[in-house]
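Architecture and fold: a report
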Amino acid sequence: MPGNATDGALAIDCRTCGAGIVVPPDLRTAECPYCGSPAVVARPPAPDRPAPAFVLGFVVDRERAVRIAQRWLRTRGAFAPSALKRAAPTQVRGVYVPAYLYGAAVCSDFAAEIGEDYTETETYTTTDAQGRTVRRTRTVTKTEWRPLAGRHERWLADVIVTASRGVTNAELEEVEPFDLRALRRYTPAALAGWIAEEPSRTREECRRLAHEECLAAIGGELAAFLPGDHHRELSFQATVADEIADLVLLPLWIFAVRYAPGAPPVRLLINGQTGEAAGRAPRSPLKIAGAAGIALVLAGLLALLVLLAVSGR
């Protein structure tokens, strides 16, 4: 049973061997150091730490995740350090990362200028091959602009925003989408044997992230929705209502790849359901400088060839 511990940690007894286990405050799971049995705690809900509503299970196992990481390292661009492409992804953790599954009704009043293209035939004066002044015609495209205003209503569902300070929203977006058809109701048994993180962002912070993502989505939809051939000066005011937000646990493989002494590790995230990988590969200053030097040499040779061709006439 959960007992007292300091700083939000929980002390529980291992159900297999009876040893005492302390579960850190930022985690929902732990492993018994004596028998290796997994333990999952049921923390009491709090305003910024609600109980998870749903969980998405791991589909990609550790072996496959390592293969994906190795392929990602090998296929970095030409400017990545050679040592990175040879690095072995050894530091790996499978983590259930908390996120909010957000939905809301968004009503937007918008205004823009719509451009409609039309063609005209115009006459112009030019000089022909014999040096004579001649009049010719050509077809030109012009645009007629007119104002347009209206209202756009939309229910936005399945917006996912991170509730972890360890994984940014931008990082999470890079490994999306998740197949939400596989969502199942949360039970502690679903986390057995895995690391599960507790939310470290407040609900209000996550709500702001969700609003930003919703507004970006609405801006893109309005741009695609507007009639005409072009538009400019699009602006809109959006109101959000009927918000819902459920805490979900998402499966991520997280790698810390060390490729050179003294260099910071490269972090790589892999979607534990789909295998989508994302990370920030460093660039080698020597390779960049070498490429710039080669470009300068080629530019110099080209200029020399042009000069020789001109002087030889």
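Before reading further, recall that the structure is shown in the block above.
Residues numbered from 1 in each chain as written. Predicted model: local features only at pLDDT ≥ 70, side-chain atom pairs only at ≥ 80, totals over all residues. Heavy atoms only, no water.

1. So, the nonpolar core
If you look at the biggest cluster of nonpolar residues, it comprises 23 residues, and the most contacted ones within it are Tyr96, Leu191, Trp253, Phe255, Leu268 and Ile270. Only helix 1 (62-74), strand 6 (91-127), strand 10 (230-257) and strand 11 (266-271) provide two or more residues apiece to this core. With sequence-adjacent residues up to four places away left out, Phe255 is seen in contact with Ala65, Val66, Ala69, Pro89, Gln91, Val92, Val266, Arg267, Leu268 and Ile270. (Core = buried A, V, L, I, M, F, W, Y, C linked by side-chain atoms within 4.5 Å. Buried < 20%, exposed > 50% of the residue type's maximum accessible area, 1.4 Å probe, protein only. Helix = DSSP H or I, 4+ residues; strand = E, 2+ residues; numbered from the N terminus. Contact = heavy atoms within 4.5 Å.)

2. Focus: the pattern of salt bridges
For the structure shown, the criterion picks out 14 salt bridges. Two residues, Glu122 and Arg138, come together in a salt bridge whose shortest N-O distance is 2.8 Å. Residue Glu122 is located in strand 6, and its partner Arg138 is located in strand 7 (residues 133-162); the two are separated by 16 residues in the primary sequence. In this structure Glu122 comes out as partly exposed when scored by relative accessible area, which is 25%. In this structure, Glu171 and Arg267 form a salt bridge, with 2.5 Å as the shortest nitrogen-oxygen distance. You can see Glu171 sitting in helix 3 (residues 169-175) and its partner Arg267 sitting in strand 11, a full 96 residues away along the chain. (Salt bridge = Lys/Arg side-chain N within 4 Å of Asp/Glu carboxyl O.)

3. Topic: unusual backbone geometry
Going from Glu176 to Pro177, the amide bond is cis rather than trans, its omega being 5°. Considering the arrangement of structural elements, one finds Pro177 in the loop between helix 3 and strand 8 (184-185). With a phi angle near 60°, Asp158 is a residue other than glycine that sits in the positive phi range. Tracing the chain through its elements places Asp158 in strand 7.

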